[in-house]
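Tertiary structure, described
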Amino acid sequence: MSRAVARHDEEQVDYGETILSVEGLTKHFSQGSGLLSSIFPKPKVKAVDDVSFDIKKGETLGLVGESGCGKSTLARTVLRLLEPTDGAVYFKGENLAELSGEAVRNHRKDMQMIFQDPQSSLDPRMKVGPIVEEPMKAHGLYEGEREERARELLEKVGLDPHHYNRYPHQFSGGQRQRVNLARALAVNPDFIVCDEPTSALDASIQAQVLNTMRDLQREFGLTYLFISHDLSVIRHISDRVAVMYLGQLVELAETDELFENPQHPYTDALLQSIPVPDPRAEGRRGVLEGDVPSPIDPPSGCRFRTRCPKLIVPAEYDLTDAEWANVRRFVRAVDRRTFEASTGRAIRAEFFADAEPRGDAAAVVDESIEAILEDDWDRAAALLTESFAENSVCAEEKPAYHVEPEYGRGEHFAACHLHRTKRAD
Ligand SMILES: Nc1ncnc2c1ncn2[C@@H]1O[C@H](COP(=O)(O)OP(=O)(O)O)[C@@H](O)[C@H]1O
Ligand code: SF4
Ligand SMILES: [Mg+2]
């Protein structure tokens, strides 16, 4: 390797040691501005809420979740491109929130970010050589060897060093993302946040860019936080995977453990919703029902509970698993009005043929069926939600458990109360 891209050996952190530690990180957005909103403040968007995780030097932590769940906000808050509402981010042992001015600038050099859209993040009027040199100039680094370094970096990321004088529009999407990689590497960072870096690319190009990223990781000792909504990309690139839902982490484990032994019903649903190549096999249908609730007013306790097929029975009802499964199905169907209000007998036959609840639970079901027959679906839904959903431990406490892994020896975190009941049995 030539002098220009040789690494300095001034690391404070060794391979396998924690390089980044995120503790209780929270980002709430205020909506609107000006006088009116200061008199009548609008509710906040709770985009990221109490998120904690560590990343070890040299590893790739994958972050996956549906669009809008807070992945980009989390990434930007980690890098302090957004001011956190609460919580701390330690990078190489220093709390970024407590640093200011020069110290933040220095750390920013060590932490780079690559975005999804390679087109819009490259200035169309600049040639790619100067684009790669830009961060070196901004940090006053590599004076006198910038061009040499830029050419070498272009080669490292799989481009022709002679492309130095070309403009971004002369490259394909995959090549432009490689230019972004070269630019991110220009100031010799330790940590790169990759926010959906290959999502805009065709599958085959995507795989090639991912492989280059892996090679660069090894060569330069990089640590990645790799964000994607695509589970197969996440599985391919990650050492460990964190799953995010509505602003919070619901599960975190080593990659094989997470994919082979998922312990959160949301992760389970995500994995089942990966499209299967065989059209005869069961596809996406019925796996994840209902809409993601608004981050302005997220559900109490477990945020997934309004869509969870495994919601835990409230302690005051004595129901068998089969009876509770039917009640849950009924609650969801009433909430979404997915059946016709015909007769009480027909409704019972549809939902409770094999197992009908007894006692207090039966009284609630009876009353809600009466309401439906009077065409008062709202009252029925409110009664069911109040009696069953809101009384569950899932609504009352925020879950956080450590589970024994089946694959590997890494920690397995699962934010689901099913692990509490298992232990109590
Ligand atoms: N600047 C902002 N102001 C208000 N709300 C925002 C802002 N940026 C993001 N959000 C909201 O925060 C939530 C998370 O968004 P985002 O982090 O972009 O999710 P993802 O990257 O997972 O798709 C969304 O509900 C989004 O609308
Ligand atoms: S805590 Fe309850 S609602 Fe949340 S995922 Fe677990 S079972 Fe479902
Ligand atoms: Mg995003």
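Below or above, wherever it landed, is the structure these notes cover. (Residues numbered from 1 in each chain as written. Chains lettered and ligands numbered in written order. Predicted model: local features only at pLDDT ≥ 70, side-chain atom pairs only at ≥ 80, totals over all residues.)

Let's talk about helix 13 (residues 359-373)
For helix 13, with 15 residues, the first-to-last C-alpha span of 21 Å sits near the 21 Å given by 1.5 Å per residue. Taken as a whole, helix 13 has its buried residues at Ala361, Val364, Val365, Ser368, Ile369, Ala371 and Ile372. The buried residues of helix 13 occupy one face: seen down the axis, they fall within an arc of 160°. Opposite its buried face, helix 13 presents the exposed residues Gly359 and Ala363, each directed more than 90 degrees away. On its buried face, helix 13 is in contact with helix 11 (321-336), helix 12 (344-352) and helix 14 (377-389). Backbone geometry just downstream of helix 13 places aspartate 375 in the positive-phi region, at approximately 65°. (Helix = DSSP H or I, 4+ residues; strand = E, 2+ residues; numbered from the N terminus. Expected span 1.5 Å × (residues − 1). Buried ≥ 20, exposed ≤ 12 C-beta atoms within 10 Å, placed from the backbone. Arc of directions from axis to C-beta. Contact = placed C-beta atoms within 7 Å.)

Regarding the pairing of strand 3 (residues 60-64)
Where burial is concerned, most of strand 3 is hidden: five out of the five residues are buried. Residues Thr60, Gly62 and Val64 line one face of strand 3 and the alternating positions Leu61 and Leu63 line the opposite face, and both faces are buried. As paired elements, strand 3 and strand 9 (residues 240-245) share four bridges and run parallel to each other. Of the residues in strand 9, the one forming a bridge with glycine 62 is valine 241. (Pairing = 2+ DSSP bridges.)

Quick word on the site of ligand 1
As a structural note, the neighbourhood of ligand 1 is formed by Phe29, Val45, Ala47, Gly65, Ser67, Gly68, Cys69, Gly70, Lys71, Ser72, Thr73 and Pro295. With three residues, helix 2 (residues 71-78) is the largest single contributor of residues to the shell around ligand 1. When its residues are assigned to classes, the shell around ligand 1 shows five nonpolar, six polar and one charged. (Near = placed C-beta within 6 Å. Nonpolar A, V, L, I, M, F, W, Y, C, P; charged D, E, K, R; others polar.)

Here's the deal with the sheet that holds strand 1 (residues 18-29)
Taken in spatial order, the four strands of this open sheet run 2-1-4-5, and their pairing is antiparallel. Strand pairing shows two members of the sheet lacking a second neighbour, strand 2 (45-56) and strand 5 (94-95), which therefore form its edges. When strand 1 meets strand 4 (residues 86-91), the two strands line up antiparallel, connected through five bridges. Among the inter-strand pairings, serine 21 is bridged to a residue of strand 4, identified as tyrosine 90. Along the sheet face, helix 2 touches strand 1, strand 2 and strand 4 and points at about 120° away from the line of strand 1. (Axes fitted to C-alpha atoms, helices over the stretch in contact; angles between N-to-C directions.)

These figures come from the coordinates and say nothing about function on their own.
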